[in-house]
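Architecture at a glance
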Amino acid sequence: MNPRTLHKITYGMYIICSKKDDSYNGQIANAVIQVTAEPRTIAIAVNRDNLTHEYILQSGVFTVSVMDIDCDMKLIGKFGFKSGRNIDKFEGIDYKIGQTGVPIVLNHALAFIEAKVIDKIDIHTHTIFFGEVVDAEILNEDDVMTYSYYHLVKGGKSPKNAPTYIAEQTLKEQPRKEVNLKKYECNVCGYIYDPAVGDEESGIPAGTLFEDLPDDWVCPVCGAGKEEFSLFH
Ligand code: FE
């Protein structure tokens, strides 16, 4: 079986938010689908270890921001690879409070949906929440970021808590194209620095060797320093 096959299923990139009492939290999700048209119902899959999961269980409401194609890795890193147990994810974030009382992330959002939980199913590591849509608006007509675009163009990885996560060892067993330039992988989040691509968002041009990155360069996804990187085989 080739585990990469499941990457052929199309997804988007979303930030799902919820609240618990006066606290807010949010996380990246790729699994959001519309289930029924009348009444409008959506489903989201959330890892049971995530803080957002606890918040949705408690408040019974959540919002979904649909990410645009220009969404930067820092935003994805903040909401996808860090925990609200350690940082306030909303610091420096542009958001508004929706009808449900839950924040809606506006950075790189082209649309948002607000929903009230009407049912849920526990599936192994994740809970699928079914939500009746209580509000939904389009903010602009930018292109959406698909999950495959995130993987192929942005070099993004799946965090361990994502439903689409594939153990790195499994991926490494798959054949890869030969490259001359050495790639380095972030030990924290799995981001791979590819010298053939560089790191445009941090002003690093294509062709820059990892060894030549400035000392203060950090992982564009999770913010880890160069010392957290190891050679990618
Ligand atoms: Fe990282």
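First things first, this report covers the structure right here in the doc. Since we're looking at a predicted model, the values are computed, not measured.

Rules and cut-offs
- Residues numbered from 1 in each chain as written.
- Predicted model: local features only at pLDDT ≥ 70, side-chain atom pairs only at ≥ 80, totals over all residues.
- Heavy atoms only, no water.
- Helix = DSSP H or I, 4+ residues; strand = E, 2+ residues; numbered from the N terminus.
- Rg over C-alpha atoms; globule rule 2.2 N^0.38 Å.
- Buried < 20%, exposed > 50% of the residue type's maximum accessible area, 1.4 Å probe, protein only.
- Contact = heavy atoms within 4.5 Å.
- Donors = N, O, S within 2.8 Å, 3.2 Å for Na, K, Ca; no water.
- Tetrahedral: all angles 85-135°; square planar, octahedral: opposite > 155°, others 65-115°.
- Pairing = 2+ DSSP bridges.

Our next topic: the overall build of the protein chain. A count of helices and strands for the protein chain gives 4 helices and 12 strands. For the protein chain, whose C-alpha radius of gyration is 18 Å, the value lies close to the compact-globule estimate of 17 Å for 233 residues. Once the C-alpha set of the protein chain is aligned to its principal axes, its extents read approximately 55 × 40 × 35 Å. Going through the 233 residues of the protein chain one by one, you find that 47% of them count as buried.

Inspection of the secondary structure puts Thr127 in strand 9 (residues 126-138). Under the relative-accessibility criterion, Thr127 is labelled buried at 0%.

What follows concerns helix 2 (residues 73-80). Most of helix 2 is tucked away: 7 of the 8 residues are buried. Of all the positions in helix 2, only Met73, Leu75, Ile76, Gly77, Lys78, Phe79 and Gly80 are classed as buried. Lining the buried residues of helix 2 we find strand 1 (14-20), strand 2 (23-29), strand 5 (61-67), strand 7 (103-105) and helix 3 (147-152).

For the rest of this paragraph, the subject is the coordination of the iron ion. Under ideal tetrahedral coordination, the four donors around a metal are separated by 109.5 degrees; under ideal octahedral coordination, the six donors are separated by 90 or 180 degrees. The iron ion binds to the protein through Cys186 (SG), Cys189 (SG), Cys219 (SG) and Cys222 (SG), with metal-donor distances spanning 2.2 to 2.4 Å. With 4 donor atoms in place around the iron ion and angles of 103 to 115° between them, the coordination shape is tetrahedral. Residue Cys186 is classed as buried on the basis of its relative accessible area of 1%.

Our next topic: the sheet that holds strand 11 (residues 192-193). Strand order in the open sheet formed by 3 strands is 11-10-12, with antiparallel pairing between adjacent strands. The open sheet has two edge strands, strand 11 and strand 12 (229-231), and neither has a second partner. With 2 bridges joining them, strand 10 (residues 184-186) and strand 11 adopt antiparallel strand pairing. Counted as the bridge partner of Glu185 is Ile192 from strand 11.

Before going further, it helps to spend a moment on the environment of Glu228. Here Glu228 shows up in the loop between strand 11 and strand 12. Along the chain, Glu228 and Cys189 lie 39 residues apart, while their C-alpha atoms are 9.8 Å from each other. Not counting the four nearest positions on each side in its chain, Glu228 is found in contact with Glu185, Cys186, Asn187 and Val188.

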